[in-house]
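One letter stands for each residue in the lines below.
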Amino acid sequence: MPNWCQSKVLARREWAPGLFTVTIDAAGVQPFECGQFLHLGLQVNGELVNRPYSVASPHGPQVEFFVVRVDDGKLTPSLGNLIEGDELLVSDRGAGSFTLNRSPSSRDIWLIGTGTGLAPFIAMVRDAEIWNRYERVVIVHGTRFAADLGYRDELERLAKEKPGRFVYIPAITREELPGVLKGRLNQLLVNGQLEQAAQMTITPSDSTVMICGNPDMLDAVEQALLERNLSRHRSKTPGQIVVERYW
Ligand SMILES: Cc1cc2nc3c(=O)[nH]c(=O)nc-3n(C[C@H](O)[C@H](O)[C@H](O)COP(=O)(O)OP(=O)(O)OC[C@H]3O[C@@H](n4cnc5c(N)ncnc54)[C@H](O)[C@@H]3O)c2cc1C
Ligand SMILES: NC(=O)c1ccc[n+]([C@@H]2O[C@H](COP(=O)([O-])OP(=O)(O)OC[C@H]3O[C@@H](n4cnc5c(N)ncnc54)[C@H](OP(=O)(O)O)[C@@H]3O)[C@@H](O)[C@H]2O)c1
């Protein structure tokens, strides 16, 4: 059981029905690394229910989370109903090894996520470390619909601010939108469209690839990368692929 601190909702933004960012007071949370998660807890029907959530912002007096409502889920329907001023519990320290510190160094880093799997990458690109360690950063975000592309404005702005250093590639699967790739991320990797959009190539010598989101996507993208001679990064057997599994 985590050590809990009392927290309060400071702001809430709905990207699409059921897909939201919640910003909370983090005064009691100890410094954590970008890519780590905290637990959020709420009383639901008289029972404390808690789940881990990647923090979508670097450590600070307030932190944010990018969350999707799982309609028959135990916590997210209540989490999704919180409004400014409502109270909730947050764990007092970050956990998890999906961090740059635990990832290999290389020239390029690809941050590949579906749905709310974008969250840890938002924290990373808002922080200095990634820009100090990698020459070029690519975020690939895959969702069902364009409305689910949370943080799109911020990422497009960042791409304009950092030409040659940052590329943002949104991709959707269930509608057509001019200028946005259509297809699952593993397919877009295999058919070369992701690399074409980034104007960069994924290679074992130049690339680190972090993947987060739908577990079936993780497996499919990792398989495509293994076929390109990349391998899972482990402390004893260094490789290029680092994975975070939400469920
Ligand atoms: C390390 C870690 C970090 C996580 N970070 C996030 C995050 O940043 N944002 C977030 O929304 N969730 C995140 N999750 C998932 C989160 O912990 C909960 O599982 C999720 O919010 C569902 O909780 P629930 O009680 O409503 O549903 P439950 O009753 O626990 O139902 C779980 C089921 O919901 C589905 N599910 C769970 N998470 C998602 C998701 N993100 N997208 C689509 N379907 C899902 C799966 O089918 C899963 O089996 C993370 C999980 C882990 C392990
Ligand atoms: N606006 C929202 O996002 C929203 C709001 C409320 C509730 N929900 C619910 O939340 C749950 C999760 O929805 P989500 O859209 O966030 O996540 P998701 O189902 O994981 O879909 C996100 C992206 O991952 C892709 N994907 C799924 N399986 C894959 C695989 N095997 N390989 C590669 N890519 C794969 C999807 O493509 P496909 O389209 O081809 O599956 C989609 O582009 C659903 O139950 C949904 O109904 C979502």
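Residues numbered from 1 in each chain as written. Chains lettered and ligands numbered in written order. Predicted model: local features only at pLDDT ≥ 70, side-chain atom pairs only at ≥ 80, totals over all residues.

All right, on to the site of ligand 2 then. Taken together, 22 residues surround ligand 2, and among them Gly18, Gly115, Thr173, Asn214 and Asp216 come closest. The element best represented in the shell around ligand 2 is helix H7 (residues 215-226), accounting for three residues. Taken together, the residues of the shell around ligand 2 break down into eight nonpolar, eight polar and six charged. (Near = placed C-beta within 6 Å. Helix = DSSP H or I, 4+ residues; strand = E, 2+ residues; numbered from the N terminus. Nonpolar A, V, L, I, M, F, W, Y, C, P; charged D, E, K, R; others polar.)

On to the domain arrangement of the protein chain. When the domains of the protein chain are assigned, the result is domain 1 (4-91) and domain 2 (108-245). For domain 1 versus domain 2, the separation of C-alpha centres amounts to 24 Å. On the side of domain 2, 14 residues touch domain 1, which itself brings 15 residues to the contact. Broken down by element, the side of domain 1 that touches domain 2 gets its largest block of residues, four residues, from strand S5 (residues 62-68). Here the side of domain 1 that touches domain 2 is composed, by residue class, of 11 nonpolar, four polar and no charged. (Domains from an automatic or database assignment. Contact = placed C-beta atoms within 7 Å.)

Glancing now at the site of ligand 1. Close to ligand 1 lie 21 residues, the nearest being Arg51, Gly73, Leu75, Thr76 and Thr116. Among the residues forming the shell around ligand 1, the class breakdown is 12 nonpolar, six polar and three charged. Residue assignment places the shell around ligand 1 across two domains, with domain 1 (4-91) and domain 2 (108-245) each supplying three or more.

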